[in-house]
Amino acid sequence: MSRKQTNQPSDFVQKIKKFFLSAFVVLTFLAYFLHERSTNSSNASTSNAVANTSAVPTVIATSPGVVFKNGTYTGPSVDATYGQVQVQVAIQNGKIANVQFLDYPHDRRTSQQINSQVMPWLEQEAIQAQSANVDLISGATLTSEAFVNSLQSALQSAQN
Amino acid sequence: MKQTRMVMGMPVILEVIDSGVTGKIFDDVFGYFGYVDRKFSTYKPDSEISLINRHELTLEQASDDMKAIFMLAEQTRLETDGYFDIERKGLYDPSGIVKGWAINQAAEILRQAGFENYYVYAGGDIQVSGKNGQGQDWRVGIENPFNPTEIVKVLSLQNCGIATSGTYIRGQHIYNPKNNDQPITEIVSLSVIGPNIYEADRFATAAFAMESAGIHFIEKMEGFEGYMIDRHGMATYTNGFERYVSHA
């Protein structure tokens, strides 16, 4: 409790966010390994039971110390009641660079009704500077005030 | 052949690849932008839009182009649930729709003159047609909103329009261009690819005003793709966007 009080609220929220993101990825990996094991095992239901109970809290508790290896990781296709969900996680420099949904509920009527009411899943990525040559560039227009200011400072630096 | 001129306080660039191109088409296209500026600039006291804003001219008395812009603006307002509106505090500022419209009209001048491979650029918004000087699709970068000297995406485009709406960085702060007193909360830039620059520009403007929901608005629109960058440098993009991305 005392640690929570000394932290800034925004820091705390950030940490919680990171924590859940880490936990999510770790759980995805765990589910993947369990899935791998279950396909090799003759008794799949035992493995699933482990995933749903005791193993989960243990993994969450250790997740902040986990270092992710670079690469692309595909989770198992998981039953989400109204359809299957499957994600792929790309790790770069030990961090999540991209989370892609390979499958999500879309084929059943119930899912379609639900999905029409909520926002669709869209892919995300961290922006990265590109070095390739281009013919031209699309960007937000500066207001004329900003343009004049920018031009003035550019001209000033050109004089120096 | 390529020329850049300053019109409406912003750079306008025209490049035509086709053989047989002469200086006349450049004069025609830049002349057209000058005409649009004289008619629609809210900075010019003698422009037609300024006369309307001072109630010295009614819409019924206005030119056909002015009537067309007001009609298109009203159509866009209805299509975007009011997120696009040229009326602000009792004054009309149609610049949010005029730029894309003017680029599209300029491209039409080129098309009617028989040209097939060209682009028209005005202040970050672009209409591309045919192929570039190397006979390939036009390679268009998306500007890094945090650093205008960088690009964060390379697209391969042909016969379509791309518009980017966004804030700009002034000092250390990011401001909403619509309200310079209020920093934008989440979204820094939104690029929209559409069937032409008129369509791409008006929906980019409206969707940007929707903040985080804007990219979902674009996702629902058939024939449009979008790439949205938030203030943390995370991009969210529509499901069909990837097919325009060049990895070469």
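Note that the structure is predicted; figures quoted are calculated from it, not measured. (Residues numbered from 1 in each chain as written. Chains lettered and ligands numbered in written order. Predicted model: local features only at pLDDT ≥ 70, side-chain atom pairs only at ≥ 80, totals over all residues.)

Student: Hey, could you run me through the overall build of chain B in this one?
Tutor: For chain B, the helix and strand inventory stands at six helices and 15 strands. Looking at the 248 residues of chain B, the share that counts as buried comes to 44%. Taking contacts inside chain B between residues at least 6 apart in sequence as the whole, the part at least 24 apart equals 52%. (Helix = DSSP H or I, 4+ residues; strand = E, 2+ residues; numbered from the N terminus. Buried ≥ 20, exposed ≤ 12 C-beta atoms within 10 Å, placed from the backbone. Contact = placed C-beta atoms within 7 Å.)

Student: Explanation requested: the interface of chain A and chain B in the structure shown.
Tutor: Interface size is often expressed as the accessible area that is lost when the parts come together. Listed as interface residues are 26 residues of chain A and, on the opposing side, 45 residues of chain B. Mapped by element, the contributors of at least two residues to the side of chain A that touches chain B are strand S5 (123-126), strand S6 (136-138) and helix H6 (144-159) of chain A. In terms of residues, the side of chain A that touches chain B owes the most to one element, S5(A), which gives four residues. Partitioned by chemical class, the residues of the side of chain A that touches chain B number 14 nonpolar, nine polar and three charged. Here S6(A) runs beside strand S7 (residues 138-144) of chain B; their pairing, made up of three bridges, is parallel. Considered in S7(B), the bridge of Ile137(A) is made with Gly141(B). (Nonpolar A, V, L, I, M, F, W, Y, C, P; charged D, E, K, R; others polar. Pairing = 2+ DSSP bridges.)

Student: Can you walk me through unusual backbone geometry in this structure?
Tutor: Trans is the prevailing form of peptide bonds, just as negative phi is the prevailing case for residues other than glycine. All names here are of chain B. Even without a glycine there, the phi angle at Asn159 is positive, about 55 degrees. Tracing the backbone shows Asn159 in the loop between strand S8 (147-157) and strand S9 (160-166). Not every positive phi belongs to a glycine, and Glu211 is a case in point at roughly 60 degrees. With respect to the element layout, Glu211 can be found in the loop between helix H5 (197-209) and helix H6 (214-220). The exposure class assigned to Glu211 is partly exposed, which follows from the 17 C-beta atoms found within 10 Å.

Student: Please clarify how helix H1 (residues 23-40) of chain B should be interpreted in this entry.
Tutor: Helical periodicity: at 3.6 residues per turn, an α-helix aligns residues three or four positions apart in one direction. Residues and elements named next belong to chain B. Its 18 residues place the ends of H1 26 Å apart at the C-alpha level, agreeing with the 26 Å of an ideal helix rising 1.5 Å per residue. Ile25, Val29, Phe33, Val36, Lys39 and Phe40 are the residues of H1 that are buried. End-on, the buried residues of H1 take up no more than an arc of 130 degrees, which puts them together on one face. Along H1, the residues that are exposed and aim more than 90 degrees away from the buried face are Gly23, Lys24 and Asp27. Its buried side turned inward, H1 meets strand S1 (2-7), strand S2 (10-16), helix H2 (48-53), helix H3 (64-79), helix H4 (95-112) and strand S5 (118-122). (Expected span 1.5 Å × (residues − 1). Arc of directions from axis to C-beta.)

Student: For this particular structure, what's the right way to read the confidence of the model for chain A?
Tutor: Detailed reading of the predicted model is not advised wherever pLDDT is low. Residues and elements named next belong to chain A. Looking at chain A, the pLDDT average stands at 60 and 25% of residues meet or exceed 70. Contacts for the low-pLDDT stretch residues 39-64, under 50 throughout, to residues beyond four places or in other chains number 22 contacts. Every residue in residues 143-150 scores below 50 in pLDDT, and together they form eight contacts with partners more than four places removed in sequence or on other chains. (pLDDT = per-residue confidence, 0-100.)

Student: What is the right way to read the sheet that holds S8(B) from this model?
Tutor: Across a sheet, strands are paired by hydrogen bonds formed along the backbone, either parallel or antiparallel in direction. The sheet built from three strands is open, its strands ordered S6(A)-S7(B)-S8(B) with mixed pairing. The two strands at the open ends of the sheet, each matched to only one other strand, are S6 of chain A together with S8 of chain B. Adjacent strand axes in the sheet meet at a mean angle of 40 degrees when their direction is disregarded. Of the pairings in the sheet, the one linking S7(B) to S8(B) comprises seven bridges and is antiparallel in character. In the strand pairing of S8(B), Val140(B) is matched with Leu155(B). (Axes fitted to C-alpha atoms, helices over the stretch in contact; angles between N-to-C directions.)

Student: When you look at the confidence of the model for chain B in this model, what are you seeing that I'm missing?
Tutor: Residues and elements named next belong to chain B. On average, residues of chain B carry a pLDDT of 90, and 93% of them reach 70 or more. Looking over chain B, one finds the lowest element-wise mean pLDDT in strand S11 (residues 173-176), namely 42, and the highest in strand S6 (residues 125-129), namely 97. For residues 169-178, every residue scores under 50 in pLDDT, and the model assigns this stretch 21 contacts once sequence neighbours within four places are set aside. ipTM for the predicted complex: 0.90, alongside a pTM of 0.66.

Student: It is not clear to me how the environment of Tyr121(B) should be interpreted in this structure. Could you clarify?
Tutor: Relative to the helices and strands, Tyr121(B) resides in strand S5. Here the alpha-carbon distance between Tyr121(B) and Val12(B), two residues 109 residues apart in the chain, equals 5.5 Å. Beyond its immediate chain neighbours, meaning those up to four positions away, Tyr121(B) contacts Leu136(A), Val12(B), Ile13(B) and Ile126(B).

Student: What is the right way to look at H4(B) in this model?
Tutor: All names here are of chain B. For H4, with 18 residues, the first-to-last C-alpha span of 25 Å sits near the 26 Å given by 1.5 Å per residue. Residues of H4 that are buried include every one of Gly96, Ile97, Val98, Lys99, Gly100, Trp101, Ala102, Ile103, Gln105, Ala106, Ala107 and Leu110, and no others. Of the residues one or two after H4, Gly114 is the one with positive phi, at around 95 degrees.

Student: Sorry, what's going on with the environment of Gly114(B) here?
Tutor: Inspection of the secondary structure puts Gly114(B) in the loop between H4 and S5. Remark: the alpha-carbon pair of Gly114(B) and Asp18(B), spanning 96 residues in sequence, is separated by 9.3 Å.

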